[in-house]
Each structure stands twice: as C-alpha cells, then as structure tokens.
Number of protein chains: 2
Amino acid sequence: MSNNNLITPRKLSGFMELPPYKQIIFDNMVGKIINVYKNNCFMPLNTPILEYTDILMAKSGGEIDKEVYHFSKGDNDLCMRYDLTVPLARFVAMNTDTISFPFKRYQVGKVFRGERPQKGRFREFIQCDADIIGIDSLPITADAECINLIHETFEALNLDILISISNRNILFGYIDSLGYKDKTQNVLTILDKLPKIGKENAFKELESLEIDREDCDRLIKLSALKGDFKDIIEEIKGLSDNILFQQGVNDLLTLSNNLEAYNIPKDKYILNLGIIRGQNYYTGTIFETLLPSHPEFGTICAGGRYDNLAGYFTDKKLPGVGMSIGFTRLFDLLDNNEMLGNFPLSPAQLEIIPLGDTLDKCLELSTFFRKNKIRCEVNYDNRSFKAKLKDANKKDIPFVMVVGENEVLSQIYTLKNMFEGVQENLNLENCLERIQKFLKK
Amino acid sequence: MSNNNLITPRKLSGFMELPPYKQIIFDNMVGKIINVYKNNCFMPLNTPILEYTDILMAKSGGEIDKEVYHFSKGDNDLCMRYDLTVPLARFVAMNTDTISFPFKRYQVGKVFRGERPQKGRFREFIQCDADIIGIDSLPITADAECINLIHETFEALNLDILISISNRNILFGYIDSLGYKDKTQNVLTILDKLPKIGKENAFKELESLEIDREDCDRLIKLSALKGDFKDIIEEIKGLSDNILFQQGVNDLLTLSNNLEAYNIPKDKYILNLGIIRGQNYYTGTIFETLLPSHPEFGTICAGGRYDNLAGYFTDKKLPGVGMSIGFTRLFDLLDNNEMLGNFPLSPAQLEIIPLGDTLDKCLELSTFFRKNKIRCEVNYDNRSFKAKLKDANKKDIPFVMVVGENEVLSQIYTLKNMFEGVQENLNLENCLERIQKFLKK
C-alpha cells in the first residue's frame, strides 16, 4: 500500500539524537554525575524549560539575545532557557524565606541556544550544574567544596582531568595598584589572549593602552604564573598591599588548605593566574577543567564565585559559587575519539528463548528472574530459533536460556553463557546463581 | 543597597516547580519507573524537545493544534513536542534499517501543551512512555508484556492499581455484524459515555441513530461486561461469527493466558468491554489503569495496540503497542492526598560539624565517608555550633559527627544518631560501621 503523501521524516540539525545503544552509555554517565552531586548532599531542582522573557533577559535589560528561542503564546512573551543559572536566581529570589542557606542545589537538564550549527556545537544540550548559594556571606570553603565536586565527578566518570584555578582579585587588585583601574577590562581581555597571541604581541597591545613598559612586563609575568599553590602564593604575596590583591592571596591560601584537606591528588589541580573566564559576573575564585590527554577538547567544565546571584530580582545579597559541565558536547567529543568503551547493543542480561509451545512457561520464568534483579526478557518473536540465537549473540547478551518442552517437564534448563561459550543444564535456582555470580565480576 | 529597578521574579503558571525536598521524592519515583523499564530490557531514547512543525503535525495534515507551542526561528517552523509518540514514529521511520525489531524503547521526558491552566493540569509535564514496535507483524504477547510492565511499574511505586483491558475489535466486529458499520464512531462515542449517562440515556441516544431497540439492548449489554477474562470470553464467544469479533476474542484469550503466565495477581486486572479510549489510532488491545482507592484520580496510565506507528512517514508497516504514565499529574495527585510518605529535608546521611579550628580535618573525614558511599557533608557555615545541630535535627539528617580539637588529637569522634537519640565516642572505622548498619535497616 504505497502512499504518495508521505512526509520525509527529518530531525532538526544541531539537536543530538543518539541511537539507543549509545543513549544507554549517555544515561549511565549522567547518572554517575548526579550520584556524585547527591553524595555531596546537593539538592535537586527542576525548573521549567519555558520562562517569561523579561525574567530570562533581566541581565541585558530585556534585550533578547539572537541565540535565544523566543516567541509569544496568548498574552505571554516566552523564552526557552539558555542556561540553568538565571532560573536558579529566579527560584532563589522567589523562595528566599523558605530556603535553608547555604543552599546546595544541582540541576541536570536541557538548555537551548539557537547558534549557527557547527561541528561539536549543539542547539539543545544537557548541562549538569551544581551551585552553593549563601545569604549575606559564604565561606571560601564553599569554593573548595565546588572544586572537590569537580574532582569527584570526573573520578566517577573515570576521566583524568586538570583543574586550573585562580582568583580574579589578584589581577583586579594588581592592575589597580599599578594605577590602571579604569583600564581593567581591556587589560584582562589582552591577558586572556596571552596563550594564543604570545608575550610579544600581548606586550604591544598592552603598550597601546598607554601602560608603562615595566608594568606591561609585570602584568605579563604575573599572569604567566602557574603551578603549585604554595610556591606561587609565596612568590606573589609581597607584590602589592592592595586590599583586593591581599584578599585574593588570603582566599587562595585558605582554598589551597581546604583542597589538600579534601585529599584531592596534587596532580589534579594547579594555581594558574592566567585564566580569566570571560563572564563578568565572577568576582573571586575561578576555575576551568580540561583533559590533559586531549587539550584540544578545550574547557569541559568551568565555574567560579559570584558576589550576588539574583541582584536583578531581589535586594537580598546572595553570594554563590558554582560549576557547570556541558555534557552533550563532552559526550560527543568522547564518542568521536572512541573514549566511551564498548557499547552493549541490548540492556538484557538474560534472554529466554522458547522452543516449541513453551511461551507461557518462558514468561513465567522471566518474572522470576526480574524479581531477582536480572534484566531479563523473552524473545517471543516469530523468527526461527536459530535467528534468535544469532541475534542474542550479535547483541552481546551475556546469557541465553533455551526452554523446550522437555525442559518444561524436567525443570532442568539449558543456560548458555554467550561470553564464555559454556552451556550447562541446570535447575532454576542454579541458573540464577550462575548468572548472579558472573554479573558480579 | 536598595534597587528600584528590580524585576519581580515570577514563574509561568501551569508549570510545576517543586521545592527540592519534594523533587527528591519525584526523582526517586521516576528512577523506579525507569528501573522497571530497564529491567524489562527496554532501550532509552531521548529525542529533541523541538521538531519541525510539519513533522509533529503530520497527522492533522499540518494544521496546528491551538495547544501546541509553535514559533519560527530563522527559516525554521518549529514546535515543542506535545507527546513522545510522534517523535518515536519519526525516529523509527528514519532508522528502520538499523533498528533491531521488535524495538522496545522507553522515553521519559517533558512534553508541552498550552492548555488553559486548571487544577491538576500542567502545560509542561513529564511522560513516562514504553512502546514495543514490530515490523510487518507483532505477536499479541507484546501486548501482555506491556500490561505486565504496567503491573511491575506500579508494584515498584508501591501503588495498588486495577488495569481495565479490552480489545476494540470486539465492539468493531459486533457493531458490523449487527449491520451498523457506518455508524461505528457514533455508537462508540455513546458507549464511551455509558458509565456517566446511564443505560437509559445511552439507549435513547443509540435509538436516535436509528438502531433497532433490540440491538441497542445488545450493544449496551455487551459493553457493560466486566470481570474475569475466561468467564466473559466464554459468555461472548458465540455472539457473532464476524471475523474482527472472532479475532478480538482469540487475541483476548492469548492475552489472558500470557498475563496468567507473567504471574500478575488476578486482582490487578480485569476484562472490561466498556472501555473505549478516545484516540482513533488504537486498533486492538486497549487498557487503562486507575487506583481503586482513589477512582477520582481517573486514568493514571493508559495505552494499547496500534496497527501502524509511522504511516505518515514511511510505507513500511510498523505495528506497535505502548503505554504512558502522565507522571507530573500523578505526582501532584499523590502529593495533594498525602500519599507520598515522608519528605526528608536533606539528602545527607551524615553531617560533620567542626567545633573550633578543625575545618580541614572535617573535610578530610567527609572524603573518607563519601568514598564509603555515605552521603556526607561538612557544615562550614558561620553560624554557632548550637544552630548547626538544631538545623541538622530539623532536616532529619540521621547522623551528626562532632569534631573538636580533642577529637582530632585522640581520633575518637562523637557520633550522634539523631533518630535514636544515642551518642557514642568511636574511632573512624566504628563510626562508619554504625552508620552503614543503621542505613541498611
């Protein structure tokens, strides 16, 4: 029955849609991330995907970024969320009276940015955020907790990372103490490019801001420092008595002690005074994470301290610190670089195949195995027995149980271990035992 | 510092946003549902929230339902998905060549319907869908698998349900055999209302369709039948030799045998020839689930068999059977009726409180407990020791460990079991043991 009015099925470009066998791995990894967040006693939040436009665009005074999915429905001017931070600010501002501070929340969910699609960029992607929000003040230990959370998360994902850490007040204070406070943003923009453009070009650009040659050297030298916390702190602490600068030094020292206390291995993090983080709202500690084995992936997780989460919505002062993993992009990179391990083609641990008129018995057995926490299904398909066995093999299902009419009578079943190529005739209890034993390994 | 330009933080109405302590329960329940789907070897799918309008609106020939969130961005005409079935159809049609059939997929995700907001209705809600798709044909056992999945799911959620099951071909075939095939939809509409309007009114409405009085009686009598499968099948099987009718009877008989084989308790499901299910695309088995203790909740889960999943997208014949739980609405009903049990106000199992200058030691201890899978955090807040202890108590955190300077020296710590009001001085290993033992209970 041919149909001439068929609509060609198409998916929007820039929207990830994995085949289910890859989705299993994706979900497992997200599950591990959430598990670490939970183990660190962060609370879940699930804000709507749609928000009022004036709320999401509060920062830019209502001006709508061209990347944002924006539309009207009825009388409502709506946007799809483009991050999880503004919805958090809105939630905290609405619920300040009932929240217990410090408020540790995580949110894992889709966000939407209608960028021009390009390799490795997604218009819909999953962010895994964790933030700690205080009221009036928040100890620097919260920053350490956040960095330790990054460490524990990537340890759970079995990915070797390096976390680069800095404190914005070091450069803010130093630039001020040299007398260039009004040029701070321009200086930071140039220093941010330093690894890309090199010292000579950075020097020229700084000079063009009418900064003394000696000061250009000083700024470049300071922002090129990276390595062990204690060594660098020792080296810079006498550089300036500017209050911001000294606060930055003290905070880095506390942070360093806390990170050691958490027992984060020393090769997982460094002090790197060259990291800047573009976003203006960071005000103290900043950090970014990369995979040293794949620096070309760029920053896979980042965050920092901000003075005031929700200044557009409330007069209450809500300092916080947070981190975010752009998981869809990271998964795509890992997948493209064959760093995800094997993909099992089925979630089944046991497939029961009827031979002859034994389907109902097979269904009964499957219930028994599922009650014992074995992922089990019956292949009730119309194909031949041989085709089913081949299929189970192709799908890497570890165990197959064959149930013929003799097996139903004798209650002794044929259990095939497809990985080890072993076949045994066992009663039900022994089948279960074999499977449980094998899966524990 | 007062700010006169504050924007009042607001959330869209009809969009659920739970306080985090309730979100924990919500997530736990969704996790249990997903776990059952996985144990039954369904594969995960995660389609985009946005789709091309002509794809989502294929069924209605492109006409856009007024409930759908619909807009343009750049050259693209877009919709937010309003269910998970059309995206599944689109996915299967696009990937027929690589999918292994029968394709068992689950999807748990948000869908969007801009209905007029009213009590218990949400514009954004989470659906938990599971479907089994065949190619060319699909055995009736798939229908039983789907119904067993409903049973296992609500068993995992600890909710007592009743699944009402029917087969549309019984009424289709019977109406045809009485000579009213052209009036089928009108007759079904009236019979669907039968429980509401009563037999007398149904009779009058049927009569107004110019149906013989005797046939009106017959139709009402048939659709009022509900109870044990075998009894009712025995009662009706001789009623008509219409092919559809007889196919319906045979399918119900197979289904009944399969459901018994799955060991679903007999009080969990009935044959109910009065259920109709409005949607036109169901073509065989249909089922709906309610809580007998709360019939006013209405249908909390429903589904059925359809002949062809993706007829708008492909010439291939893709019969399927599926079920769906509108979880956001169900959770809201359970919450409003105090059927969710206790809400722990924190995920923490152990809170460590420093007393004096012991913060770094506390951080170190917290890492030890988390490595041993205890959800543990340090309260590094600036409040007083007393306030922290009170807070842990209020939040129902089961264990608190107090670490003063003496404790650091002696390595004997004070562990308080807040539930049992017991306090012990123990070394680290014994603290862990006590906590693990208590949590196992």
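Residues numbered from 1 in each chain as written. Chains lettered and ligands numbered in written order. Predicted model: local features only at pLDDT ≥ 70, side-chain atom pairs only at ≥ 80, totals over all residues. Heavy atoms only, no water.

Draft legend 1. Here's a closer look at the relation of the copies chain B and chain A. By a simple turn and slide, chain B fits onto chain A: the slide is 0.0 Å along the axis, the RMSD is 0.0 Å, and the turn is 180°. Such a combination of turn and shift is consistent with a two-fold rotation axis. For chain B, the smallest separation between a C-alpha atom and the rotation axis is recorded for Phe71(B), amounting to 3.1 Å. An overlap of 100% is found between the interface residues of chain B and their copies at the interface of chain A, pointing to a shared contact surface. (Least-squares fit on C-alpha atoms with pLDDT ≥ 70 in both. Contact = heavy atoms within 4.5 Å.)

Draft legend 2. Looking closely at the side chain of Thr314(B). Tracing the sequence through the fold places Thr314(B) in the loop between β11 (301-306) and β12 (320-326). In this structure the side chain of Thr314(B) is engaged in a polar contact, spanning 3.1 Å, whose partner is the backbone nitrogen of Lys316(B). Setting aside chain neighbours within four positions, we find Thr314(B) in contact with Leu6(A) and Ala93(B). (Helix = DSSP H or I, 4+ residues; strand = E, 2+ residues; numbered from the N terminus. Polar contact = N/O pair within 3.5 Å; in protein donor to acceptor, adjacent residues only side chain to side chain.)

Draft legend 3. Local environment of unusual backbone geometry. All names here are of chain A. A cis amide bond links Phe101 to the next residue, Pro102, at an omega of -5°. Of note, Pro102 is situated in the loop between α3 (85-94) and β5 (103-112). Non-glycine residue Cys41 carries a positive phi angle of around 70°. Structurally, the position occupied by Cys41 is in the loop between α1 (20-39) and β1 (43-44). Given the relative accessible area of 4%, Cys41 is considered buried. (Buried < 20%, exposed > 50% of the residue type's maximum accessible area, 1.4 Å probe, protein only.)

Draft legend 4. Local environment of the packing of helix α5 (residues 168-177) of chain A against helix α7 (residues 213-223) of chain A. Residue and element names in this part refer to chain A. Interhelical geometry of α5 versus α7 gives an angle of 170° and a closest axis separation of 11 Å. By the angle between their directions, the pair α5 and α7 is classed as roughly antiparallel. The residues of α7 that touch α5, namely those facing Ile170, Leu171, Tyr174 and Ile175, are Arg218, Leu219, Leu222 and Ser223. A breakdown of the residues in the contact of α5 with α7 according to their chemical character gives six nonpolar, one polar and one charged. (Axes fitted to C-alpha atoms, helices over the stretch in contact; angles between N-to-C directions. Parallel < 35°, antiparallel > 145°, perpendicular 65-115°, else oblique. Nonpolar A, V, L, I, M, F, W, Y, C, P; charged D, E, K, R; others polar.)

Draft legend 5. Focus on the interface of chain B and chain A. Tallying the contact residues gives 104 residues for chain B and 105 residues for chain A. For the pair chain B and chain A, the two sides together bury roughly 8600 Å², of which 58% comes from carbon and sulfur. When the area that chain B buries against chain A is broken down by residue, the three leading residues are Arg10(B), Leu12(B) and Tyr380(B), summing to 9%. Between chain B and chain A we count eight salt bridges in total. One salt bridge connects Asp54(B) with Arg10(A), and the closest N-O pair in it is separated by 3.0 Å. Counting every contact that joins chain B to chain A gives 34 residue pairs in polar contact (both at pLDDT 80 or more). With eight residues, helix α11 (residues 359-371) of chain B is the single largest residue contributor to the side of chain B that touches chain A. (Buried area = accessible area lost by both parts, 1.4 Å probe. Salt bridge = Lys/Arg side-chain N within 4 Å of Asp/Glu carboxyl O.)

Draft legend 6. Examining the packing of aromatic side chains more closely. Evaluation of the coordinates by the stated rule reveals 29 aromatic pairs over all chains. Seen from their ring centres, Phe327(B) and Phe331(B) are 6.1 Å apart, and the 50° between their planes marks the pair as tilted. Remark: Phe331(B) and Phe327(B) occur in helix α10 (residues 327-336); sequence separation between them is four residues, near one turn of the helix. Like Phe327(B), the residue Phe331(B) is buried in the burial classification. An aromatic cluster is defined as three or more aromatic residues linked by ring pairs; in this entry it consists of Tyr69(A), Phe71(A), Tyr69(B) and Phe71(B). When the ring centre of Tyr52(B) is taken as origin, the NZ or CZ atom of Arg10(A), which lies over that ring, is 4.5 Å away. Seen from the ring of Tyr69(B), Lys73(A) lies directly overhead, with NZ or CZ sitting 5.4 Å from the centre. (Phe/Tyr/Trp six-rings, centres within 6.5 Å; stacked < 30°, edge-to-face > 60°. Lys NZ or Arg CZ within 6 Å of the ring centre and 35° of its normal.)

Draft legend 7. Main features of helix α8 (residues 229-236) of chain A. Residues and elements named next belong to chain A. Listed as buried for α8 are Phe229, Ile232, Ile233 and Ile236. Across the axial projection of α8, the buried residues extend over an arc of 100°, all falling on one side. Exposed and oriented more than 90 degrees from the buried face of α8 are Asp231 and Glu234. As for α8, its buried residues are in contact with β7 (162-167), α5, α7, β8 (226-227), α9 (243-261) and β9 (269-272). Two or three places before Lys230, at the start of α8, stands the capping residue Asp228, its side-chain oxygen 3.1 Å from that residue's backbone nitrogen. (Arc of directions from axis to C-beta.)

Draft legend 8. The arrangement of the pairing of strand β17 (residues 422-426) of chain A in detail. Residue and element names in this part refer to chain A. Bridging between strand β16 (residues 413-417) and β17 involves five bridges; their strand directions are antiparallel. For Asn417, the partnering residue across the bridge sits in β17 and is Val422. Counted between consecutive antiparallel strands, the loop separating β16 from β17 contains four residues, among which Gly421 sits at a positive phi close to 65°. (Pairing = 2+ DSSP bridges.)

Draft legend 9. How the structure looks around the packing of α9(A) against α11(B). Where α9(A) contacts α11(B), the axes come no closer than 8 Å and their chain directions differ by 35°. In this structure, α9(A) contributes Asn257(A), Asn258(A) and Ala261(A) to the contact, and α11(B) contributes Leu359(B), Asp360(B), Leu363(B) and Glu364(B). Of the residues contributing to the contact of α9(A) with α11(B), the split by class is three nonpolar, two polar and two charged.

Draft legend 10. Local environment of the state of the cysteines. Residue and element names in this part refer to chain A. Per the counting criterion, the structure on display carries zero disulfides over all chains. A disulfide-free cysteine, Cys362 has its sulfur positioned 9.3 Å from the sulfur of Cys376, the nearest such atom. On the basis of relative accessible area, Cys362 is assigned to the buried category, the value being 0%. (Disulfide = S-S within 2.5 Å.)

Draft legend 11. Quick peek at the pattern of salt bridges. Residues and elements named next belong to chain A. All chains considered together, the criterion is met by 56 salt bridges over all chains. The partner of Arg277 in a salt bridge is Glu288, and the shortest N-O contact between them spans 2.7 Å. Highlighted residues: Arg277 in the loop between β9 and β10 (282-290) and Glu288 in strand β10, separated in sequence by eleven residues. Of the residues examined, Arg277 reaches a relative accessible area of 19% and is grouped as buried. Among the charged side chains, a salt-bridge network with shared partners connects Asp228, Lys230, Glu260 and Lys266.

Draft legend 12. Region of interest: the environment of Gly298(A). All names here are of chain A. Residue position: Gly298 is located in the loop between β10 and β11 (301-306). Of the residues examined, Gly298 reaches a relative accessible area of 23% and is grouped as partly exposed. Along the chain, Gly298 and Ser346 lie 48 residues apart, while their C-alpha atoms are 33 Å from each other. Those residues in contact with Gly298 that lie beyond four places of it in its chain are Thr289, Leu290 and Arg329.

Draft legend 13. Fine view of the pairing of strand β7 (residues 162-167) of chain B. All names here are of chain B. Extensive coverage of β7 is indicated by the burial of five of its six residues. Taken together, the three bridges between β7 and strand β9 (residues 269-272) define a ladder with parallel strand orientation. When the sheet's bridge partners are listed, Ile165 is paired in β9 with Leu271.

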